[in-house]
Amino acid sequence: MSSAALRGTAIWLVTSLFLVYQNLLNTMFGLVSAEIGHDLAIGATALGLLAATFGYAYGAMQIPVGVFFDRLSPRGLLTAATLACAVGALTFAQSGSFGPALAGRTLMGLGGALAYVGASALMAMWWPGRLALMLGLVQFVDAVGSAAGQPAMAALSEIMGWRQISMAAAAAGAALALCIWLLVRRPPGSDLSIAQAPLWPSVRRVVQKPLLWLAAVYASGTIGTIFSYGVVWNIELQQAFGNDLRTSADVNAWLFVGFGLGGAGMGWLSQRHLLPQAILLVVPPLLSSILIALLIFLPRIGNPLLVDLATAGVGLGCGASVIAFEIVALSEPPGLRGTAIGFVNAVAFFAASGLQALHGLVTGGDLASVVGVLWIYPPLLAVAALAGLQMARRAT
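To start, this report covers the structure provided alongside it. (Residues numbered from 1 in each chain as written. Predicted model: local features only at pLDDT ≥ 70, side-chain atom pairs only at ≥ 80, totals over all residues. Heavy atoms only, no water.)

### Let's talk about unusual backbone geometry
Trans is the prevailing form of peptide bonds, just as negative phi is the prevailing case for residues other than glycine. Located in the positive-phi region is Ala41, a residue other than glycine, with phi close to 55 degrees. As for its position among the elements, Ala41 is in the loop between helix 1 (3–40) and helix 2 (44–60). Its relative accessible area of 69% is what places Ala41 among the exposed residues. Of note, His273 is a non-glycine position whose phi angle comes to about 55 degrees, a positive value. Mapped onto the elements, His273 comes out in the loop between helix 10 (245–272) and helix 11 (277–297). (Helix = DSSP H or I, 4+ residues; strand = E, 2+ residues; numbered from the N terminus. Buried < 20%, exposed > 50% of the residue type's maximum accessible area, 1.4 Å probe, protein only.)

### Brief notes about the packing of helix 1 against helix 9 (residues 210–240)
In contact at an axis separation of 8 Å, helix 1 and helix 9 are set at 25 degrees when each is read in the N-to-C sense. Judged by the angle between their axes, helix 1 and helix 9 are roughly parallel. With respect to the hand of their crossing, helix 1 and helix 9 are arranged in right-handed fashion. Contacts between helix 1 and helix 9 involve Asn23, Asn26, Thr27, Gly30 and Leu31 from the first element and Phe227, Val231 and Ile235 from the second. Residue composition of the contact of helix 1 with helix 9, by class: 4 nonpolar, 4 polar and no charged. (Axes fitted to C-alpha atoms, helices over the stretch in contact; angles between N-to-C directions. Parallel < 35°, antiparallel > 145°, perpendicular 65-115°, else oblique. Left-handed = near helix turned anticlockwise from the far one by under 90°. Contact = heavy atoms within 4.5 Å. Nonpolar A, V, L, I, M, F, W, Y, C, P; charged D, E, K, R; others polar.)

### Details of the packing of helix 1 against helix 5 (residues 98–126)
Running from N to C, helix 1 and helix 5 point in directions that differ by 155 degrees, and their axes come no closer than 9 Å. If you check the angle between helix 1 and helix 5, you find them roughly antiparallel. For the pair helix 1 and helix 5, the sense of crossing is left-handed.

### Description of the packing of aromatic side chains
Per the stated rule, a full pass over the model turns up 8 aromatic pairs. Ring geometry for Phe92 versus Trp162: centroids 5.0 Å apart, planes at 55 degrees, classification tilted. Taken together, the residues Phe92 in helix 4 (residues 74–93) and Trp162 in helix 7 (residues 162–183) connect sequence positions 70 residues apart. Phe92 sits in the buried class, given a relative accessible area of 3%. Relative accessible area serves as the criterion here: at 2%, Trp162 is assigned to the buried category. For the ring pair Tyr116 and Phe325, a centre distance of 5.0 Å and an interplane angle of 65 degrees mean the geometry is edge-to-face. Of this pair, Tyr116 sits in helix 5 while Phe325 is found in helix 13 (residues 321–330), placing the two residues 209 residues apart along the sequence. In this structure Tyr116 comes out as buried when scored by relative accessible area, which is 9%. Judged by its relative accessible area of 1%, Phe325 is buried. (Phe/Tyr/Trp six-rings, centres within 6.5 Å; stacked < 30°, edge-to-face > 60°.)

Shape is all these values report; function is a separate question.
Here it is in structure tokens:
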């Protein structure tokens, strides 16, 4: 393996780890939300806002972050972003009321906002000929790390408080920031495109492109499901079915395992051109729509293996989001790819945050109350499939 390939592989790994890190900062909230609410003396509406704040900050930064990666050094950007996550975790750990907790969650979201756009932009720089595969592998490491991390944090939450877990996360973030500073570089010979793409015309071009709006709808259905259903709702649903926290976290972990396997598998299929793009974009979210409807509306399924497999199937179908991001990246010149990816990711995470905020509508932990909100997911994924069909037609 050449030195350039080794560097590209190291960058793939460290950016994937940053994705895992910021995802765990986000998803751990659902595991310890009851304890946080008790310690901070806040109600369900305030808890819902705290849950959604990470995503709101994340989404609000996506277009600016995309512009940054088109114009500035990815090394400095990702190092600063990781440190922001670490400081946010430290602030959150030491909060004694709603305000400081909100500030900590916001800072984590602002730092985490650079993770996926940064990984995507760097993969497009270092692996342009294998972009879908590398994005899929980024998603695989992210999802498997998140899947393994959730049960681990559930176990830790039984012996440590949420404050201690957040302090440990702050220390891990500082260590990761050092690794990013040492490893991340632009490829040899690649120049920043400051003079090539004026700022406002670049943003205007992106937001006026129908293909990117279709990709945004697609990502809202697929990624929006993973980072709302997987962050807040699935654990609550499993607990409403009578499972304890550890079992609920184990079930939820399969959603992220499926998401990772789906991303890697869809990326490989796309690179090898083994299936038409329309099939890769349409069939997976339809599968997720059917499976999530069964998980939500059927009475409690007695076989845990079937629940795990169905949950993994939901994630598998949502993994097709990597195809949408491949289309987005390759539809734009290098100086606009970060901006385009950021725009699509922004819409997706605003959708996820809105779905998380619906937590405030749940009046109790009973099954009927939870299911009364979750009906939105099957039609959301069906709409994503329709957007995928239109996207495939426009991309050909």
